[in-house]
Amino acid sequence: MPALTIRMWFVGLILCMTSRFLDSALNVFFNFRSPAPTVVPLALLLVSYPFGKFLAFTLPITTYRIPLPYISPSLVPTTPLTLARILRPLTYPHSIEFSFNPGPWNIKEHVLVYIMANVAVGNPYALNAIVVSEVYYNIRLGYWFALVLVLATQLTGFGLAGLCRRFLVWPASMVWPQNLVACTLLNTLHAEDEDDGIGFAEGMTRYKFFMIVMIASFVFFFLPGYLFEALSVFSFICWAAPTNVPVNQLFGVHSGMGMSVLTFDWTQISWIGSPLMVPWWAEVHVFIGFVFFFWILTPILYYTNSWKLGYFPISANEPYDKFGQVYNITRVLTQSDTFDIEAYTAYSPLYLPATYAMTYLIAFALSTCVIVHTLLYHGRTLLNGFRKIRVENDDIHAKLMRNYPEVPDWWYALAFVFFFCMAIVAVEVWDTSVPVWALVLALILPTIYILPSGFIYAMTGQGITLNILAQIIPGVLLPGKPLANMVFKAYSVQTLTEATSFVQDLKLGHYVKVPPRATFLVQIIATILAAFVQVGVKQWIFNNVPDICDPNQKSQLTCPHNQVFFTASASAVRQGVYYYPHLYAIIVGAFLPLPFWFWQRRYPKSWIRYVSTPVILNGVSSIPPATGINYSSWFAVAFIFQYWIRKKNFAWWSKFNYVASSALDCGTVVSLVFIFFTLQFPKGGGIVLNWWGNFVYQRSE
């Protein structure tokens, strides 16, 4: 079954460039929106299917041959013998054969198009550093700096990912739950789907079910997305008591703890990922961690005024000063954008909201917990892998993949070195105040955490981030330099994030039996092309959308992720003395996995063996900018699909669950795009519906 076909490149590159505006470009746009959905690559996978089928139907099936030049046998000397052996093959006639239509549009071509979308779909984390430097610090380094930095941060992780294949791709235990959704949709489109009596009426195919759910979610999103926005911010308890401060703090959506649970907006529910994708045991871990840290511990600390938290909002994305106002970072910077200690002393210490302070505490504990957990639970696997001993027995996928030549490790090592050198160019050519030794340190962090993060991500769908570590370390080593801190953090965090993303796609190719070298080529080309588009889209948005990043922006382009990034950069410049005890969490985190490990060693069949402390800590890492409602509603939907339906009707769940997940994502995103460009963007956002259902939530939030 051919994979690297001409029509695959045609469909993949055309759709990935022209419909980047439906994919990676829109995710750059959505990065500035609240709530921020994600244009999933499944949408591009769906769009590419009819294109591929159309080309397979219309293109000629003729096989073309281009003859290659060869030399006459009479010109080959008979001596020396070695030279004759080298030249003799050049005397044989050769030709290049190709066809525009080698057969039906197949699943291998389709998955390569999907991989092209998947590696390029995410908003580059480095854009946060660039936007914050321009909007909040008034530091402008131009398009080419942004492009070089994005390329370096995106593709250093590519080389790192390839070097970890024996640990994260080849073993059968590395499942990668996100790939189950993609594989289900691919099989829905390509496999013969018989009427097995499962579904509605007399049975329903996956494809028909997908189309029904997608169209229904497209239509339904007009309610919470435009006609009745209160369905998105469904804090009905706050509506009944709009002036009751504790009620609004506990049950509010934007600035509360989200205890009202209900929302009818899929972008709110799936903010931290589709609840239909993550395994049930991992969802229980995440929600237990959320309830303990944010519904129990955070209110206790807040209402007892620990760390002076009670003087500020319980949940927010911004830091505050001693006057209760959003911290004005420009007041503590010199004209050269370095930290001014005298101005800081005269102005105010920096204070964090309660949820932000809790996030720091959890992140410090996670930084050591995940390493200790990996050594305890996966130490033997790591040791065998480094010795190049088989980590696990081959499953059917690994056995079949051995028919294809592997990508040599030196290919990935070369990419790793090349794009690290590009990062050096970015910090040396432009004035970023980042020394090369700091960039090396920024690279060491993801190198250490790639395997712990990959193990957790592969089994739970929850990836580890380096946000806090990559923020605190440069804050200590490069004090008073916000741009240097942001570049360090962007490079370190994105290298790890992209590495796990690339590994995930390598595993998808492993499942579908795509030649590894084809996956290598598609990943690197798509990511390079996407970088040009993503940086260009950011430039266009900031040149054409008024009041971008303003809290009252008409189209909700309030830049929540960038506000969080700014808060983090300000915190790295200088943190109040109240938060230094957070550092003790690093020690606590190292000991957290030990009692559970010892217990399951003593009682192997105990339920304790299912406990994973890194998942409990890491699951809540999306707060902020995520809020309580994103977790409570996510778990409520997860309970219905991943527990109740799965338990009551496993046949229906196994056939339709992942199809429903992809359909809800696709339908909602298409609807949101349609609403923005037809009803919100025209006339400067003047097409609005002023009625109770669109402003009642504003009275209490």
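Definitions and limits used
Residues numbered from 1 in each chain as written. Predicted model: local features only at pLDDT ≥ 70, side-chain atom pairs only at ≥ 80, totals over all residues. Heavy atoms only, no water. 1 Å grid on protein atoms, 1.4 Å probe; cavity = no way out; pocket = protein on both sides within 12 Å on 5 of 7 lines; lining within 4 Å. Points joined across faces, edges and corners; volume = space filled by probe spheres on them. Helix = DSSP H or I, 4+ residues; strand = E, 2+ residues; numbered from the N terminus. Nonpolar A, V, L, I, M, F, W, Y, C, P; charged D, E, K, R; others polar. Expected span 1.5 Å × (residues − 1). Bend = angle between axes of the 7 residues up to and from the residue. Buried < 20%, exposed > 50% of the residue type's maximum accessible area, 1.4 Å probe, protein only. Contact = heavy atoms within 4.5 Å. Polar contact = N/O pair within 3.5 Å; in protein donor to acceptor, adjacent residues only side chain to side chain. Core = buried A, V, L, I, M, F, W, Y, C linked by side-chain atoms within 4.5 Å. Axes fitted to C-alpha atoms, helices over the stretch in contact; angles between N-to-C directions. Parallel < 35°, antiparallel > 145°, perpendicular 65-115°, else oblique. Left-handed = near helix turned anticlockwise from the far one by under 90°. Phe/Tyr/Trp six-rings, centres within 6.5 Å; stacked < 30°, edge-to-face > 60°. Lys NZ or Arg CZ within 6 Å of the ring centre and 35° of its normal.

Student: Please set out empty space enclosed by the protein residue by residue, giving values where relevant.
Tutor: Scanning the entire structure with this criterion turns up 8 cavities of 30 Å³ or more. The space that makes up the second largest cavity amounts to roughly 110 Å³. Together, 13 residues line the second largest cavity, and V169, M401, E406, L506 and P516 are the ones closest to its centre. Mapped onto the lining of the second largest cavity, the elements with two or more residues apiece are α22 (482-512) and α23 (516-544). Counting residues per element, the lining of the second largest cavity draws most heavily on α22, which supplies 3 residues. Class assignment for the residues of the lining of the second largest cavity results in 8 nonpolar, 3 polar and 2 charged.

Student: Please give an account of helix α28 (residues 628-648) that cites residues and values.
Tutor: In an α-helix, one full turn covers 3.6 residues, which means residues spaced three or four apart are oriented alike. Taking 1.5 Å per residue, 21 residues should reach 30 Å; α28 reaches 29 Å between its end C-alpha atoms and fits that length. The axis of α28 is deflected most strongly, by about 30 degrees, at A638.

Student: Explain the layout of surface pockets residue by residue, including any values.
Tutor: Counted as a void, the second largest pocket has a volume near 450 Å³. Taken together, 21 residues form the lining of the second largest pocket, with T263, W266, I269, V637 and L664 sitting closest to its centre. Sorting the residues of the lining of the second largest pocket by element identifies α10 (206-220), α14 (266-269), α28 and α29 (650-680) as the ones contributing at least two each. Here the lining of the second largest pocket takes 5 residues from α28, the largest share from any one element. Tallied by class, residues from the lining of the second largest pocket come to 16 nonpolar, 4 polar and 1 charged.

Student: Describe the environment of T374, listing the residues and the values that go with them.
Tutor: Along the chain, T374 falls in helix α17 (residues 354-386). Among the residues examined, T374 registers a relative accessible area of 3% and is labelled buried. C-alpha separation for the pair T374 and L451, spaced 77 residues apart in sequence, amounts to 8.1 Å. In this structure, T374 is in contact with G379, L382, P452 and F455, ignoring residues within four places of it in sequence. A distance of 2.7 Å separates a polar atom in the side chain of T374 from the backbone oxygen of V370.

Student: Which residues make up helix α20 (residues 436-460), and what values go with them?
Tutor: For α20, spanning 25 residues, the distance from its first C-alpha to its last is 35 Å, which sits close to the expected 36 Å at 1.5 Å a residue. Among the residues trailing α20, G461 stands out with phi positive, at a value near 80 degrees.

Student: Residue-level account of the nonpolar core, with values.
Tutor: Within the largest apolar cluster, 182 residues are counted, with the highest numbers of intra-cluster contacts made by Y137, L168 and F294. When sequence neighbours within four positions are dropped, the list of residues in contact with L168 reads M174, W176, I450, L451, G454, F455 and V503. Grouped together as the second largest cluster of nonpolar side chains are 9 residues, V233, W239, V253 and Y697 included.

Student: A description of the packing of helix α7 (residues 143-162) against helix α19 (residues 409-429) should follow, citing residues and the corresponding values.
Tutor: Between α7 and α19, the least distance of the axes is 8 Å, while the angle of their chain directions is 155 degrees. For the element pair α7 / α19, the angle class is roughly antiparallel. The two elements α7 and α19 meet at a crossing, and its hand is left-handed. Taken together, the residues of α19 that come into contact with α7 (itself represented by F145, V148, L149, L151, A152, L155, T156, F158, G159, L160 and G162) are D409, Y412, A415, F416, F419, F420, M422, A423 and A426. Of the residues contributing to the contact of α7 with α19, the split by class is 16 nonpolar, 3 polar and 1 charged.

Student: Now, about the side chain of H378: what can you tell me, with residues and values included?
Tutor: Inspection of the secondary structure puts H378 in helix α17. Those residues in contact with H378, other than ones at most four positions away along the chain, are H373, F455 and M459.

Student: Kindly report on the packing of aromatic side chains, identifying the contributing residues and their values.
Tutor: According to the stated counting rule, one finds 46 aromatic pairs in the structure shown. Arranged with centres 5.4 Å apart and planes meeting at 25 degrees, the rings of W280 and F635 form a pair that is stacked. Pair noted here: W280 is in helix α15 (residues 280-303) and F635 is in helix α28, with a separation of 355 residues, a long-range link. When its relative accessible area of 23% is taken as the criterion, W280 is described as partly exposed. Residue classification places F635 among the buried positions, given a relative accessible area of 16%. Grouped by ring-pair contacts, the aromatic residues W280, F287, F290, F294, W295, Y631, F635, F639 and Y643 constitute a single cluster. For the cation-ring pair, R602 lies above Y603, with the distance from its terminal atom to the ring centre recorded as 4.9 Å. The positively charged end of R646 is found above the aromatic ring belonging to W653, 4.7 Å away from the centroid.

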